[in-house]
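Here is how the chains run, residue by residue.
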Amino acid sequence: MHVRASVEGLRQRNLLSVSSSALMVVSRQFQTSSSTMAQAECDGTTTAEVNIPVPDEKTASQEAAESGKRKSDEAAEEETSGHSKRRRGAGGKKPRPGERYIPPPQKRNPGVSFSQEHFDETSYYFEGGLRKVHPYYFDFKTYCKGRWIGKSLMEVFKSEFRTESIEYYQMAVKEGRIRLNEKPVEDLSLVLRNNDHMKNTVHRHEPPVVGRPLEVLVDDGEVLVVNKPASIPVHPCGRFRHNTVIFILGKERGVSELHTVHRLDRLTSGVLLFARTLETSQKLDKLVRDRQLEKEYVCRVEGDFPEGEMTCELPILVVSFKIGLCRVDPKGKESRTVFQKISFNGKTSVVRCLPLTGRTHQIRVHLQYLGFPILNDPIYGSSAWGPNRGKGGVPEKSTKELLQALVEEHRSPESLHLLDILDDGIERAVAKNKQSEKMHLLDSPSELNRSGESHLSDTQVQACSGETVEEAGQGCMDPNGNGTSSPKTQANTNANQTEPNQKSPPEVRDHLCSECKLVRPDPTEKELIMYLHALRYKGPDFEYSTPLPEWAEEDWVETG
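What comes next is a walk through the structure.

All right, on to the side chain of Arg 536 then. Structurally, the position occupied by Arg 536 is in strand S22 (residues 532-539). Overall, Arg 536 belongs to the buried group, its relative accessible area being 13%. Looking at Arg 536, its side chain comes within polar contact range of the side chain of Glu 296, at 2.8 Å. Discounting residues that sit within four places of it in the chain, Arg 536 has contacts with Val 271, Glu 294, Lys 295, Glu 296, Arg 352, Glu 543, Tyr 544 and Ser 545.

The following block contains the structure:
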């Protein structure tokens, strides 16, 4: 059976299309938090940061670095020739009387890898079947964004760092936690200029993940293959840093400088492949580009999936880059997935999935369209899509309405933070609903919830999938970021960088940290697991696989 779509036919029936005006509205709605002080954490830990760059394939970071190098070389030549033209606000020039000195921006290093210094920032402990991280102090860094130039720190904090109050930032300034060009800020009225380098010291909390061990399947000096448990992000992103595969391998096995070959969503489990050497990385990257790497997944879906092989060839469009949300749409990219039912237990089916293309959330989106969403999928199985939950691709809601409905359905922070999506916009909803959260505040400063964690997704801000501007600004900080600052929004600045700060001893309570005052219930295993597993990865001369997960057994029945 083939599931195809006529792009023209879909347009005529007004199916699967997303209103461009709605997209623009959502884009504006979530624009505020698109760039963050913590964003190097997520962008910086993509393949370019975790891996050594591949010489024959220039990444965006490499191109930007080379571009910056060329400009620096040109500037040096101009100075030598005596024809230098200094740009207004450029760093490194001799300040005029009354002006403050702004050092020249540091050169970017797209090949940064994590070391033992980073792994030693804090430690793990296990409680209630969860792996938890002791809170620790951390420096988030960023260069001044273009839109901040000419504004005071007070204005920037008020407009973009709204998770904490101005009173908090004033106290942070008094304690020397906010620095500009390595000097403590004394007054929030200070006006920002181009190339200003900002640093914010925060007391960082990470969400817990499942406490299952990270099983190493193969480690032969060329590749390292692990069976990744669900709930653990591959690399630092959002609020996650130490509770990631990269850091767990570094802390527990002393492994570093791994080359990421592919990634799995945080809630997805299964085969995860790393290259140990640059040569192996290049070889595997070529296999991926040439589509010679066969991938097999298994999932459990709602309902009785049809018998026989089914091929879904419907284009997938990312309808919100800031939120990381996709749907079938005629304007999307070519996508192809082959499905075949393995078993049915009377309520749910186990389905074999062969993604022949590699689009974001491809398996999940195609199954949603077919009317068989993955069991326990917090996004594509959500009722926020409408009565049909996205079946057939009929847009029952605009993108803006859909995003609002997702936030509303996961209104409580414990639930909302489990969404495996970028939190640029979601975090604003968290802040908006912060007053209505049913949480208990600790009255005694001597009391401290043992974990101190809040259960945000890997795209959450306080620590991310991509931390947003709001969370990076507060004193308690991703992703799938992450905060993270998109290269697109930093064309005129250098890349954000994160560095380890002092290692905090366990159970340290920070008097400025709002997260330390919260007692959050631990997430359940059901909240941390989605029934999608990477079962097998096969190349021309290798094959790596895992046993079927327990939930994929024919007679498995969901409990709880």
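What follows covers the pairing of strand S15 (residues 316-320). The element S15 is largely enclosed, with a buried count of 4 among its 5 residues. As paired elements, S15 and strand S16 (residues 325-328) share 4 bridges and run antiparallel to each other. Looking at S16, one finds that Ser 320 is bridged to Leu 325.

Further remarks concern the nonpolar core. Core analysis: the biggest nonpolar cluster contains 81 residues, and Leu 249, Phe 274, Phe 305, Leu 325, Phe 339 and Ile 374 have the highest contact counts within it. Sequence-distant contacts of Leu 249, defined by excluding residues within four places in its chain, comprise Leu 214, Val 216, Leu 224, Val 226, Gly 254, Val 255, Leu 258 and Phe 274. Formed by 18 residues, the second largest nonpolar core is a distinct cluster that contains Trp 148, Phe 157, Leu 192 and Met 198.

This paragraph deals with the sheet that holds strand S8 (residues 209-210). Within the open sheet, the 3 strands sit side by side as S2-S3-S8. Their pairing is antiparallel. Pairing within the sheet leaves two strands with one partner each, and these edge strands are strand S2 (124-127) and S8. By the bridge criterion, 2 bridges tie strand S3 (residues 130-133) to S8 in an arrangement that is antiparallel. Among the inter-strand pairings, Arg 131 is bridged to a residue of S8, identified as Val 209.

Although it is not a glycine, Glu 257 sits at a positive phi angle of roughly 55°. With respect to the helices and strands, Glu 257 occurs in the loop between helix H9 (245-253) and strand S11 (259-260). Even without being a glycine, Arg 389 presents a positive backbone phi close to 50°. Inspection of the secondary structure assignment puts Arg 389 in the loop between helix H11 (362-370) and helix H12 (399-409). Judged by relative accessible area, which is 25%, Arg 389 ranks as partly exposed.

The next subject is the packing of aromatic side chains. This structure, assessed with the given rule, holds 15 aromatic pairs. Between Phe 542 and Tyr 544, the ring centres sit 5.2 Å apart and the planes meet at 25°, which makes this aromatic pair stacked. The two residues Phe 542 and Tyr 544 agree in class, both being buried. A connected cluster of aromatic rings, assembled from ring pairs, spans Trp 148, Phe 157, Phe 161, Tyr 168 and Tyr 169. Here Arg 204 stacks its cationic end above the ring of Phe 138, 4.7 Å away from the centre of that ring.

Counting across every chain of the model gives 24 salt bridges. The salt bridge involving Glu 127 is made with Lys 132; its shortest N-O contact spans 2.7 Å. For Glu 127, a relative accessible area of 24% translates into the label partly exposed. For Lys 132, a relative accessible area of 1% translates into the label buried. Between Arg 536 and Glu 296 there is a salt bridge; the shortest N-O distance is 2.8 Å. With relative accessibility at 11%, the residue Glu 296 sits in the buried group. Three or more residues joined by partner-sharing salt bridges are found here, namely Glu 294, Glu 296, Arg 352 and Arg 536.

Before going further, it helps to examine the environment of Ser 123. Assignment of secondary structure puts Ser 123 in the loop between helix H6 (116-119) and S2. Through-space distance from the C-alpha of Ser 123 to that of His 242 is 8.2 Å; in sequence the pair is 119 residues apart. In this structure Ser 123 touches Lys 132, Val 133, His 134 and Lys 251, once residues within four positions along its chain are discounted.

Conventions we followed
- Throughout this description, residue numbers start from 1 for each chain and increase along the sequence as written.
- A pLDDT threshold of at least 70 governs which residues receive local features in this predicted model, and a stricter bar of 80 or more applies before side-chain atom pairs are shown or counted, although totals over entire chains, interfaces and linings include all residues.
- The side-chain figures draw on all heavy atoms in the structure; neither hydrogens nor water molecules are used.
- Elements are defined by DSSP. Helices are runs of H or I of four residues or more, strands are runs of E of two residues or more, and each kind is numbered from the N terminus.
- Three labels apply to residues, based on accessible area from a 1.4 Å probe with only protein chains included: buried if under 20% of the type maximum, exposed if over 50%, partly exposed otherwise in between.
- N or O atoms within 3.5 Å of each other form a polar contact, as long as, within protein, one can give a hydrogen and the other can take it, and as long as residues adjacent in sequence are counted only when both atoms are side-chain atoms.
- Residue contacts are defined here by distance: any two heavy atoms, one from each residue, within 4.5 Å place the two residues in contact.
- Should DSSP find at least two bridges between two strands, the strands are regarded as paired.
- Each nonpolar core is a collection of buried residues, namely Ala, Val, Leu, Ile, Met, Phe, Trp, Tyr and Cys, held together in the definition by side-chain atoms within 4.5 Å.
- Side-chain rings of Phe, Tyr and Trp (the six-membered ring for Trp) are treated as a pair once their centres are within 6.5 Å; stacked means planes under 30 degrees apart, edge-to-face means over 60, and tilted covers the remaining angles.
- Note on geometry: a ring has a charge over it if NZ (lysine) or CZ (arginine) is within 6 Å of the ring centre and within 35 degrees of the ring normal.
- Throughout this description, the term salt bridge denotes a Lys or Arg side-chain nitrogen within 4 Å of a carboxyl oxygen of Asp or Glu.

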